[in-house]
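Fold and geometry: a report
The chain contents come next:
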Amino acid sequence: MADFEFLKWPFFDDAHRALAERLDEWANHDIAPLTERESDVDDTCRELVARLGRGGWLRHVVPAADGGASERLDVRSLCLARETLARHGGLADFAFAMQGLGSAPISLFGDEAQRRKYLPRVRDGEKIAAFALSEPEAGSDVAAIDTSARRDGDEYVLDGTKTWISNGGIADFYVVFARTGEAPGARGLSAFVVDADTAGLEVSERIRVIAPHPLATLRLRDCRVPQSQLLAQPGSGFKVAMATLDIFRTTVGAAALGFAHRALDAAAHRAVTRELFGAPLGELQMVQSMLAEMATAVDAAALLVYRAAWTRDCAAERVTREAAMAKLYATEAAQEVIDRAVQIFGGLGVVSGHPVERLYREIRALRIYEGASEIQKVIIARQTLAAYEAAAMSGND
Ligand SMILES: Cc1cc2nc3c(=O)[nH]c(=O)nc-3n(C[C@H](O)[C@H](O)[C@H](O)COP(=O)(O)OP(=O)(O)OC[C@H]3O[C@@H](n4cnc5c(N)ncnc54)[C@H](O)[C@@H]3O)c2cc1C
């Protein structure tokens, strides 16, 4: 049962309300069987990307597809789309989100030629995008990136290993972050668009995870790209990565919200239909307590997610603190909501392939990628302390 009550909140305008309702209807008709599949994830993802492209939904992740930089990514639309698609199935959300994460560095920092070369085909679902930041020794610690990009005439030569790369193996291009060495640590990184068929780039290992989706380790060996594949200025790679994550972190919270919504729906339906001790399960007060906490957590997560999205769209260029809060709370809360749904289903909840069992696997990685929960806490604490330190210094505390 899709509950659209939250669309009355003041964060949205009528275009957002229409988007959420139309996408839900489209997903019911156009991708329903695909969202149930867990095998052949490569083919399923390619098909989902193609259908999302044909359906026109990917224009929300690539608003600058016609070459102009002025069309901004609307974070509320991204969040509504991810929440809706996640409710229908993890792979549908994944296919949509990765087209955005993998192309946002080009949307945000690409020059006109780069935007024209990649974005229209990402929007149409004809090119699959990927974002290659993490390395074996540089996950949470982005400043430790070791992949190098050495300038050689009009080219850069990339060497190193990228791992945990979503869409690795099926992507047509990767936005690769590498060390160009303008300064130590994070200030010496640059971002490059590397086509998947570039000589010297190979998928060295496919990684299997508990909620299957295309994921791989990439090896770059003497991988030469023309200078025209560099995004923004040399040395601005960290800025490119963080500005992208600033937008997509909030949307990870939205995906978690979609999973939590689905779990709450399933658990509440079970509570009113399952008879136990001569009455519906939902009449047991301890089950009511679980449902009350689940419903409250879902609404609280939605408020934080859409607060962050609205703030980015309407009030502030950077929303580091709001996005961190949205991702932290929504992903942690969704994990608890789903765990309780499994409990309410009893034995059925742990049967392989049952919707709540799938959600139980699906949610886990969201607390780790795009900054683990502990990283989000570090960000929130730093920003909170900075505000109080500034007040103390100015004597306004
Ligand atoms: C399914 C999946 C998909 C992914 N997709 C992509 C992708 O498309 N592109 C990409 O570039 N990367 C991707 N990643 C990588 C992801 O971003 C990293 O896994 C993540 O940043 C954590 O890095 P790590 O795995 O190296 O863990 P580590 O950095 O080793 O951290 C391990 C744990 O240490 C704790 N920790 C870390 N820092 C702190 C701290 N400051 N304080 C306290 N505790 C801390 C956290 O609990 C963390 O989980 C993906 C990962 C997964 C699991």
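**Notes on the packing of aromatic side chains**
- Per the stated rule, a full pass over the model turns up ten aromatic pairs.
- Taking the centre distance of 4.9 Å and the plane angle of 70° together, the rings of F12 and Y306 count as edge-to-face. Separated by 294 residues along the polypeptide, F12 in the segment before α1 (14–30) and Y306 in helix α8 (residues 285–314) bring together distant segments of the chain.
- Joined through ring pairs, the aromatic side chains of F6, W9, F11, F12 and Y306 make up one cluster.

**A short note on the pattern of salt bridges**
- Within this structure, the stated rule accounts for 25 salt bridges.
- One salt bridge in this structure joins R46 and D43, with 3.0 Å as the shortest N-O distance. Taken together, the residues span about one helical turn, with R46 and D43 both in helix α3 (residues 41–54) at a distance of three residues.
- Owing to a relative accessible area of 38%, R46 belongs among the partly exposed residues under this scheme.
- Across the salt bridge formed by E155 and R224, the nearest N and O atoms sit 2.8 Å from each other. Residue E155 is located in strand β3 (residues 155–166), and its partner R224 is located in strand β7 (residues 215–226); the two are separated by 69 residues in the primary sequence.

**Let's talk about the environment of A20**
- Tracing the sequence through the fold places A20 in helix α1.
- For A20 and S77, which are 57 residues apart along the polypeptide, the C-alpha to C-alpha distance reads 8.2 Å.
- Residues within four places of A20 in sequence aside, it is in contact with F4, L7, L80 and T84.

**Re the site of the ligand**
- Around the ligand sit 19 residues in total, of which F131, S134, S140, W164 and E374 are the nearest.
- A distance of 2.9 Å separates an oxygen atom of the ligand from a polar atom in the backbone of L133.
- One nitrogen or oxygen atom from the side chain of S166 is found 2.9 Å from a nitrogen atom belonging to the ligand.
- For the ligand, whose free accessible area comes to 970 Å², the fraction covered by protein is 67%.
- Of all elements in the fold, only β1 (129–132), β3 and α11 (373–393) reach the threshold of two or more residues within the shell around the ligand.
- For the shell around the ligand, the per-class residue count stands at twelve nonpolar, five polar and two charged.

Conventions and cut-offs
Residues numbered from 1 in each chain as written. Predicted model: local features only at pLDDT ≥ 70, side-chain atom pairs only at ≥ 80, totals over all residues. Heavy atoms only, no water. Phe/Tyr/Trp six-rings, centres within 6.5 Å; stacked < 30°, edge-to-face > 60°. Helix = DSSP H or I, 4+ residues; strand = E, 2+ residues; numbered from the N terminus. Salt bridge = Lys/Arg side-chain N within 4 Å of Asp/Glu carboxyl O. Buried < 20%, exposed > 50% of the residue type's maximum accessible area, 1.4 Å probe, protein only. Contact = heavy atoms within 4.5 Å. Near = heavy atom within 4 Å. Polar contact = N/O pair within 3.5 Å; in protein donor to acceptor, adjacent residues only side chain to side chain. Areas by Shrake-Rupley, 256 points an atom, 1.4 Å probe, with all protein chains shown as cover. Nonpolar A, V, L, I, M, F, W, Y, C, P; charged D, E, K, R; others polar.

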